[in-house]
Amino acid sequence: MKLRKLVLTALGTAVVLSSLAAAPAALAQVKEQFFPVLVYRTGAYAANGSQWANGYVDYLKLVNAKGGINGVKISFEECETAYATDRGVECYERLKGKNGGATVFQPLSTGVTFALTEKAPVDKIPLITAGYGRSESQNGAVFTWNFPLLGTYWVGADVAIQHIAKKEGGVAKLKGKKIALVYHDSPYGKEPIPVLQELGKTYGFDVQLLPVAHPGVEQKATWLQIRQQKPDYVLLWGWGVMNSTALREAQSTGYPRDKMIGIWWAGAEPDVKDVAEGAKGYSALTLQHGAEPNSRVVKDMLEQVYAKGQGTGPKAEVGQVLYMRGLLSAMLGVEGVRKAQERFGKGKVMTGEQVRWGLENLNLDQKTLDSMGFAGVMRPVQTSCLDHMGSAWVRVHTWNGSKWEFSSDWYQADEKNLRPMVMLASSKYAEEKKLKPRTPEECKK
Amino acid sequence: MGFFLETLIGGLMAGMLYSLVALGFVLIFKASGVFNFAQGAMVLFAALAMARFAVWIPAWLGLDSPFLANTIAFLAAGALMFVVAWLVERLVLRHLVNQEGATLLMATLGIAYVLEGVGTSIFGSDVYKIDIGMPKDPVMILEGSFEGGLLINKEDFVAALIAAVLVALLALFFQKTVTGRALRAVADDHQAAQSIGIPLNRIWVIVWCVAGVVALVAGVIWGSKLGVQFSLATVALRGLPVVILGGLTSIPGAIIGGLIIGVGEKLSEVYLGPMIGGGIEIWFAYQLALVFLLFRPQGLFGEKIIDRV
């Protein structure tokens, strides 16, 4: 009994002492810019999610290694979502007020983005959804806190059709063609459908929709339908195991891989490396960057983070496609803070509202990007209060059996096609939610 | 007609693989009355072990032959599944003799979480490859009878063949061996089996071992098809409607149930899917199982439950 009392007293003392020791650290953290990191390192999409998370976290470490954002160090905390919307929302709630308040959220899930779109304006925290999320959220007049930077799924769908048209010899040749969309049966997978249907009407091609249930391990029936209907092209809108399964099924049903084009979430190493030769000729869109092992930012990462033993993931994956996606996403958030500091005070910790201003006034020209080590990786991004996307450049890369290689020049999404759709969809959203869109005058405030 | 036959054959071959997964459920339920929710995690764990051992062991021993590497990795993964079975008996089941079915079910849920966590901690969460030389390209048959011929997936065909052989061996084991009969006796009544000298603990280790080997074979086949990754754990969920349909206590039920589910989901996706938006094959299997639960709760071949009141 005495011993038990002794152990309990010792434990209690240890807890009190450790909390006292942690208190100054917690106070110190208030001076840091806090980045919550929603990740999925477990579950059905772990192989892809981990690489993105490693790139994201490593970039934050690299910024700290270089002295922070104008001297302001970054603190971060990961929260595991397992790509589940409920867990994503739970992570958001848990982290939004932590360490002085969240700078920005990047949920890496269209489902979670849909769920957070109504929460972010209340909490005044921007949502960056680089290459995913709601496509109509490009309209910053309505979606004041969403930033689908670099591109949306509507951009992807438009460019995919441009690429097919180029292969066929012009948009006139699209008439009468059959294009199948094999998609993840989720908000993510359904995003490109309106654009494809609209372009189908304009150019005269037929769109066949083939949903695949989560997680996408069973696609036999889908590919038998493809074998029967013989589409001219297959667009793959998958994630995780769904992509490699689709390529395996294409191989086993004899569908030519060079007639398959994936979205940028279906064009990374985990999607193809085990299919290897079976995926040869398969192409995917890129969100500007591809695998960039020779870029300067990757070299900096290896020298300043990995050489010191502070890297988050395996060194061999640094510079791979999804690693770069995570890295770029973190960079965009950091640059939003840097831009905000230009207005609200250099060397200060920025609030979510101030960071939103930074993200709305982002102007990363080529010179700046090159100086940051992104030469050849991406093109300039310039946002505004009304355009929260900032850029719509896409390239195509093709798997050669052992690595991804760029196989096209730059494409730019056709604003003539997309802008009216963005405006229509966002106005409808504003009407449903009884929101008053911001005017250009309000943007200047 | 050719397309219908292709879908039918594809469904039958997929169904054979579902049977293999369902067999894991049936084996453990038959022998211990436990509905083993950890079967999917066992498939994942075994496949991860096989995939990683096939890389690690040749590196340690300096082996060049892929056949030898795969054989040693398979044996090592089998041994690991034996250790898992022994630990499950020692740490979990031994303490739950004569407990309610729901308690045992919850225990297997716990085992599933432990196996998934430990598996990905030891072996990693990346996508790993199992290359046992399964043919990947399709073959065309009856080109004279049907336009474009009938497409047969060689990989699925070989996988279905392996599954069929394993199922036949297990059926023989249960029906014709002393251990098999002892397993069935334990399933009927733990206490009665113990009273006539059947060592309950040893029997449980044996049955979890056998289920482990079934999980390993299923993991190797599915892993070779899909790559080894976390989604393999969800593949086992495809076995649930199969056992509901076929009956939890029947090996032939698992086979027939697997085939019905395989064919049903493929035909429904192809012919009903386009009318109602597609992507229906997974829930169609559960709908079918639900209908069976309403009209024949014991499944096609399960033992009829008669309660005295």
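You'll find chain B entered in an unreviewed UniProt entry as Inner-membrane translocator, with Accumulibacter regalis given as the organism. Per UniProt, chain B carries the Sequence similarities (unreviewed entry) text "Belongs to the binding-protein-dependent transport system permease family. LivHM subfamily." Taken from UniProt, the Subcellular location (unreviewed entry) comment for chain B reads in full: "Cell membrane".

For chain A, the name recorded in an unreviewed UniProt entry is Leucine-binding protein domain-containing protein, with Accumulibacter regalis as its organism.

Enquirer: Tell me about the interface of chain B and chain A, and please be specific about residues and values.
Expert: Each partner contributes residues to the interface: chain B has 32 residues there, and chain A has 33 residues. Of all the elements in the fold, those that place two or more residues in the side of chain B that touches chain A are helix H1 (2-32), strand E2 (150-153), helix H8 (200-226), helix H9 (232-235), helix H11 (251-276) and helix H12 (281-295) of chain B. Among the elements that make up the side of chain B that touches chain A, the one with the highest residue count is H1 of chain B (five residues).

Enquirer: Kindly report on the pairing of strand E9 (residues 283-286) of chain A, identifying the contributing residues and their values.
Expert: Here is the key point about a regular strand: its side chains alternate between the two faces of the sheet. All names here are of chain A. In this structure, strand E8 (residues 260-262) lies alongside E9, joined through two bridges in parallel fashion. Note that in E9 the partner of Gly262 across the bridge is Ala284. Across four bridges, the pairing between E9 and strand E12 (residues 393-399) is antiparallel. Pairing of Ser283 across the sheet is with Thr398, part of E12.

Enquirer: Go over helix H3 (residues 85-95) of chain A, please, and point to the residues and values.
Expert: Residue pairs three or four apart in sequence face the same way in an α-helix, which turns once every 3.6 residues. All names here are of chain A. Along H3, the residues classified as buried are Gly88, Cys91, Tyr92 and Leu95. The buried residues of H3 occupy an angular sector of 100° when projected down its axis, which confines them to one face. The outward face of H3, more than 90 degrees from its buried face, is lined by the exposed residues Asp86 and Arg94. Contacts made by the buried residues of H3 are with strand E1 (33-39), strand E2 (74-80) and helix H4 (110-116).

Basis of the calculations
- Residues numbered from 1 in each chain as written.
- Chains lettered and ligands numbered in written order.
- Predicted model: local features only at pLDDT ≥ 70, side-chain atom pairs only at ≥ 80, totals over all residues.
- UniProt positions renumbered as here; feature names shortened; annotations may be inferred.
- Contact = placed C-beta atoms within 7 Å.
- Helix = DSSP H or I, 4+ residues; strand = E, 2+ residues; numbered from the N terminus.
- Pairing = 2+ DSSP bridges.
- Buried ≥ 20, exposed ≤ 12 C-beta atoms within 10 Å, placed from the backbone.
- Arc of directions from axis to C-beta.

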